[in-house]
Amino acid sequence: MHETTGELGASTSPPLVRASGIAKSFGGARALKGVDIEITAGEVHGLVGANGAGKSTLIKILAGLVQPDAGTVEIDGHAVSLATPHAAADLGMNFIHQELAFIPSMTVLENIMLGIPKKSRFGTIDWRAIERDVRPIAKRVGITSALNANVKGLSTAENWLINICRALVRKARLIVMDEPTASLSGSEAEKLFQIVQELSNSGVAVLYVSHRLDEIEKLCDRVTIFRDGQSVAQINKDGLTRARLVEGIIGGAVESAAARTASSANNKIVLNVESLARPPMVNGVTFELHEGEVLGIAGLVGAGRSELARLIYGADRPLSGAMTFKGETYAPKSPSAAVKAGFGLVPEERRADGLVLNKSVAFNAQLSNLHNIVFSPSLPLLNFGKRRDGVEKIVRDLAIKTQSIDMAVGQLSGGNQQKVVIGRWLLRQPKVLILDEPTRGVDVGARAEIHRLVRDLALNGMAVIVISSEPDELPDLADRVLVMADGRIVRELQGDALSRNAIVAASYANIEHNRTA
Amino acid sequence: MSQNAHTPRRLSPSARVALGLFARYGTILGLAAMIIAFSILSPRAFPSVSNFTNVINQASLAMIIAGGLTMAVIVGELDLSIGFAASLHGLLATGLIVSNKLPIPVAIAIVIALGALIGFVNGFIVTRMKVNSVIATLGVGTILTGLAFAYTSGVPIVSGVPEAFLQLSLGRWLFGIPNNIIIMIIVLGTLWVVVERTSIGQEIQAVGGNPSAARLAGIDVARVKTLGFVISGMCAALTGILLASRLGSGTTSAADSYLLTAFAAVFLGSATLRDGEFHIFGTFVGALIIAFGFNGLNIFGAPTFSQYIFQGTILIVAVGLSSLGRLIAES
């Protein structure tokens, strides 16, 4: 099953890291069924695969967070044991997690040095000496904020730089980056790519894990593809194409996007938003939403899109402006009022805001539909049969991969967790469904399924709002796209005018405009 | 989520399984071991139907108040007012019956309604005024203690308590089973059904598990949390009434110590069968452990001070077991 293209360089010295035959099970689920991966010093090595393919498990093994059931890890040709994160770090393995964790009350420097043995002088920590050592490294990775500044309020991009700096202070030989650009803006991502290149040039290897295949194509010297817990292919830069990556990830040709349905612009208006504002993030937004329409909201991170969704959903209250829903004044005091009126929201942060992680798939899926699964409203005893039937239907319809509907939802992969949150609203059937970044961190296959599902919902009359930071996503999916910047709608695109480039141009155009204004 | 740079020593899989079993079944095994040990050490006094009935009868009041507290902790809050509230309720019930000559059922209804009101006030302060529940309920509890002293000027109501009121707690109206036990079974049974088998129970669990997700799923988090406090307040009222009936008097501070017992029971319960999750059956088991422990200490004539040491120790062990369960659930 192992396919290798191109020559790996004729060097006879052992690779930096060679993991072979790594297997790992969690409970009954086999996350890794014997994978191999080889990373040479100084290369940018891509790791791709659908959610649940085993990427995270391998990363955690390399980081010493999880112990493999079988297989060996060699560094410089010597078998090693990565028993703890500390042991892994001592061997030069460093891991930057999707969700970065810092101690907010500490300075940049203190966070960089957290848990690293520090120089001391007369028994106290010699911060000045430490700062002298760290400063050139910080400069190299492009940290612009002062080392003694507080980490609170720094951007996600700066957090990344601090983490990379931290890895370098620890004399990292391999840095694992898990979905690094998931919450970075376009320019921040560009900067990160440069740093990845520089790291690579200076001999530090990077294991780059991402769903964004354009980044993989652009950055990586070699790519390993995981599928269902196995390493199914390794592709060298010269053989690297989008089509081959996708083929390897899903194990077959990709299905084309759902055909565009007839325009819904003439349908009845369900929601009318009029000068809605809650400064500084939302500064007067006006639009209409039609029955059976997929309305995209595009824009850069910080443009006020999620905040607009929160206003519509009653999670925040607008300071001015008004809404009408099906012809009547609509001013929800809380999400619960919005849900009662006929709204649904798939939040951006599904783990933090979407799911009760230690509860079952069934519990989470039925959470907004409780009134439909009781025997009677006056005696609200749960009808477990009804509850199960509904959940089994969405597990089937959305192809949710779970051992049973009683499994804790926290144990599912990201894409399947997202499907559970979406499934919740399929059971509830709202009139307006808002999806905030529905395919972030979701693999190619699940992404196509979610898109198809959104189209189906619209076809059945639901009005759907999709917020997306990926300009590629909306032209395929939406009938109409509103581009937001600085809390306002700066462009409305539909029909032939709706394209990736038009969205990107509109997102940035207004920022230039405002700066010069 | 839990990417600690310094996760302590990794557990081997077998150690984790063993620890997991210990965390889930440790309390039940401990209860069984305690009963067996006491039976062997004191074969005449301990293992008898009358002693067991007596232990459960004694424990019933703690079980009721702990059952109420369980509702508050499931929604993710703490209720420290319950012991003080129960003291005031007992006092008030006695006073309404003795001084105001109210019929017993009316007095009981008034006191339980007051318990609900106190719970509502707790809920209001926590959910609307956004005061941390530890502070809010400690403040309310202290106010209630003040009210109790104001009501009686510190003098207990001892004379004129009608026999019918005493019989509420002392009687055995059904098959010779003490009333306290019957009432406890009804209360805990109802709470169990509410939490595990109703839609509001699902909301309660969701609010405790992830308030942010519950809110965005359309659940009225403030209402559900307030409900937790209201039930906690009503259970405290019932415990106060039954205690006054058992003591035959209204005494300030009579029920204060139930606070600690209730917390120990609730946390022991969260380490029972589930990984650090609060639930009604667990609270029942937790209260049983404490009750049998006390009973054992009594039978062996341990001095009074040892009971405090036992209770303090068991509270710490309980919370320790509870967090161990959660740690294992997360790993």
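Residues numbered from 1 in each chain as written. Chains lettered and ligands numbered in written order. Predicted model: local features only at pLDDT ≥ 70, side-chain atom pairs only at ≥ 80, totals over all residues. Heavy atoms only, no water.

Colleague: Hey, could you go over empty space enclosed by the protein for me, with residue numbers and the actual values?
Modeller: Residues and elements named next belong to chain B. Under the criterion given, the structure shown has three cavities of 30 Å³ or more. Counted as a void, the largest cavity has a volume near 50 Å³. Around the largest cavity, the lining is made up of 13 residues, and of these Ser 87, Gly 90, Leu 243, Thr 251 and Ala 254 lie nearest the centre. Among the secondary structure elements, those contributing two or more residues to the lining of the largest cavity are helix 3 (82-98) and helix 10 (221-247). Of the residues contributing to the lining of the largest cavity, the split by class is seven nonpolar, six polar and no charged. (1 Å grid on protein atoms, 1.4 Å probe; cavity = no way out; pocket = protein on both sides within 12 Å on 5 of 7 lines; lining within 4 Å. Points joined across faces, edges and corners; volume = space filled by probe spheres on them. Helix = DSSP H or I, 4+ residues; strand = E, 2+ residues; numbered from the N terminus. Nonpolar A, V, L, I, M, F, W, Y, C, P; charged D, E, K, R; others polar.)

Colleague: Tell me what's going on with the environment of B:Val126, and back it up with residues and numbers.
Modeller: All names here are of chain B. Within the secondary structure, Val 126 is located in helix 4 (residues 104-127). On the accessibility criterion, Val 126 (9% relative accessible area) is buried. Along the backbone, Val 126 and Thr 137 are eleven residues apart, and their C-alpha atoms lie at a distance of 8.6 Å. (Buried < 20%, exposed > 50% of the residue type's maximum accessible area, 1.4 Å probe, protein only.)

Colleague: Quick rundown of the pairing of strand 13 (residues 269-278) of chain A? Include the residues and the values.
Modeller: All names here are of chain A. With seven bridges connecting them, strand 13 and strand 14 (residues 282-290) associate as antiparallel partners. Paired with Asn 272 across the bridge in strand 14 is Glu 288. Connecting strand 13 to the antiparallel partner strand 14 that follows it, the hairpin turn spans three residues. (Pairing = 2+ DSSP bridges.)

Colleague: Run through the packing of helix 2 (residues 49-74) of chain B against helix 10 of chain B, naming residues and quoting values.
Modeller: Residues and elements named next belong to chain B. At a minimum axis distance of 6 Å, the contact between helix 2 and helix 10 shows a crossing angle of 165°. Our classification of the angle between helix 2 and helix 10 gives roughly antiparallel. When you trace helix 2 past helix 10, the crossing you get is left-handed. Across from Asn 57, Gln 58, Leu 61, Ile 64, Ile 65, Gly 68, Leu 69, Met 71 and Ala 72 in helix 2, the residues of helix 10 making contact are Gly 228, Ile 231, Ser 232, Cys 235, Ala 236, Leu 238, Thr 239, Leu 242, Leu 243 and Arg 246. (Axes fitted to C-alpha atoms, helices over the stretch in contact; angles between N-to-C directions. Parallel < 35°, antiparallel > 145°, perpendicular 65-115°, else oblique. Left-handed = near helix turned anticlockwise from the far one by under 90°. Contact = heavy atoms within 4.5 Å.)

Colleague: Any details on the nonpolar core? Residues and values, ideally.
Modeller: In terms of nonpolar packing, the biggest core is built from 100 residues, with B:Ile64, B:Phe165 and B:Ile290 touching the most fellow members. Discounting residues that sit within four places of it in the chain, B:Phe165 has contacts with B:Ala93, B:Ile97, B:Ile104, B:Ile241, B:Ala244 and B:Ser245. Membership of the second largest hydrophobic core comes to 76 residues, among which are A:Ala362, A:Ile450, A:Leu474 and A:Ala502. (Core = buried A, V, L, I, M, F, W, Y, C linked by side-chain atoms within 4.5 Å.)

Colleague: An account of the side chain of A:Ser200 is requested, with residue identities and associated values reported.
Modeller: All names here are of chain A. Among the secondary structure elements, Ser 200 is positioned in helix 6 (residues 186-201). Here Gly 42 takes part through its backbone oxygen, which lies 2.7 Å from a polar atom of the side chain of Ser 200. Every residue in contact with Ser 200, bar those within four places of it in the chain, is listed here: Gly 42, Glu 43, Val 44 and Asp 221. (Polar contact = N/O pair within 3.5 Å; in protein donor to acceptor, adjacent residues only side chain to side chain.)

Colleague: Outline the interface of chain B and chain A, supporting the account with residue identities and numerical values.
Modeller: On the chain A side, the residues contacting the 27 residues of chain B number 42 residues. Interface area for chain B against chain A, summed over the two sides, is near 2,800 Å², with a carbon-plus-sulfur share of 58%. Scanning the region where chain B abuts chain A turns up one salt bridge. Among the ionic pairs, B:Glu277 bridges to A:Lys359, the shortest N-O distance being 2.7 Å. One can count eleven residue pairs in polar contact (both at pLDDT 80 or more) joining chain B with chain A. It is helix 8 (residues 199-209) of chain B that provides the largest number of residues to the side of chain B that touches chain A, a total of six residues. Taken together, the residues that form the side of chain B that touches chain A break down as eight nonpolar, twelve polar and seven charged. (Buried area = accessible area lost by both parts, 1.4 Å probe. Salt bridge = Lys/Arg side-chain N within 4 Å of Asp/Glu carboxyl O.)

Colleague: Got a sec to walk through the environment of A:Leu147? Specific residues and values, please.
Modeller: All names here are of chain A. By secondary structure assignment, the location of Leu 147 is in the loop between helix 4 (127-141) and helix 5 (156-169). In sequence terms Leu 147 and Thr 107 are 40 residues apart; their C-alpha atoms lie 6.8 Å from each other. The contact partners of Leu 147, leaving out residues within four places of it in the chain, are Thr 107, Val 108, Leu 109, Ile 112, Glu 131, Val 134, Arg 135 and Ala 138.

Colleague: Talk me through the pattern of salt bridges; I want residue IDs and the actual numbers.
Modeller: Residue and element names in this part refer to chain A. Applying the stated criterion across every chain yields a total of 25 salt bridges over all chains. Linking Glu 449 and Lys 419 is a salt bridge whose minimum nitrogen-to-oxygen distance equals 2.7 Å. Here Glu 449, found in helix 15 (residues 444-459), pairs with Lys 419, found in helix 14 (residues 414-428); they are 30 residues apart in sequence, far enough to count as distant. Looking at Lys 419, the relative accessible area reads 7%, which means it is buried.

Colleague: Requested: an account of the sheet that holds strand 21 (residues 480-485) of chain A, with residues and values cited.
Modeller: Residue and element names in this part refer to chain A. A sheet is described by the order of its strands in space; here six strands give the open sequence 18-19-20-15-21-22, paired in mixed fashion. Each of the sheet's edge strands pairs with one partner strand only, and the pair in question is strand 18 (343-346) and strand 22 (488-494). Neighbour-to-neighbour, the strand axes of the sheet open up by a mean angle of 20°, direction not taken into account. With five bridges joining them, strand 15 (residues 294-299) and strand 21 adopt parallel strand pairing. Across the sheet, residue Leu 295 finds its bridge partner in strand 21, namely Arg 480. Helix 14 contacts strand 18 and strand 19 (432-436) of the sheet and is inclined by roughly 180° relative to strand 18.

Colleague: Account for the sheet that holds strand 11 (residues 222-227) of chain A, naming residues and giving values.
Modeller: All names here are of chain A. Strand order in the open sheet made by the six strands is 6-9-10-3-11-12, with mixed pairing throughout. Strands at the two margins of the open sheet, each flanked by one partner only, are strand 6 (93-96) and strand 12 (230-236). Within this sheet the neighbouring strands show an average axis-to-axis angle of 20°, counted without direction. Both strand 3 (residues 44-49) and strand 11 contribute to a ladder of five bridges, which runs parallel. Bridge pairing in strand 11 links Gly 49 to Phe 226. Together, strand 3, strand 6, strand 9 (174-178), strand 10 (205-209) and strand 11 form the strand contacts of helix 1 (residues 55-62), whose direction differs from that of strand 3 by roughly 140°.

Colleague: Tell me about unusual backbone geometry, residues and numbers included.
Modeller: Most peptide bonds take the trans configuration, and most residues that are not glycine carry a negative phi. With an omega of 5°, the peptide bond running from A:Pro279 to A:Pro280 counts as cis. Inspection of the secondary structure puts A:Pro280 in the loop between strand 13 and strand 14. Even without being glycine, A:Ser275 reaches a positive phi, approximately 50°. Within the fold, A:Ser275 resides in strand 13. Residues other than glycine seldom take positive phi values, yet B:Lys130 does so here, at roughly 55°. Among the secondary structure elements, B:Lys130 is positioned in the loop between helix 4 and helix 5 (133-152). Using a relative accessible area of 66% as the deciding quantity, one classes B:Lys130 as exposed.

Colleague: How would you sum up helix 6 of chain A? Please name residues and give values.
Modeller: Residue and element names in this part refer to chain A. The end-to-end C-alpha separation of helix 6 is 23 Å, in line with the 22 Å expected for 16 residues at 1.5 Å each. Every buried residue of helix 6 is accounted for by Ala 189, Leu 192, Phe 193, Ile 195, Val 196, Leu 199 and Ser 200. Down the axis, helix 6 shows its buried residues gathered within 165° of arc, on one side only. Exposed and oriented more than 90 degrees from the buried face of helix 6 are Ser 187, Gln 194 and Asn 201. Tucked into the core, helix 6 has its buried residues touching strand 3, helix 4, helix 5, strand 9, strand 10 and helix 7 (213-219). One or two positions beyond helix 6, positive phi appears at Gly 203, with a value near 95°. (Expected span 1.5 Å × (residues − 1). Arc of directions from axis to C-beta.)

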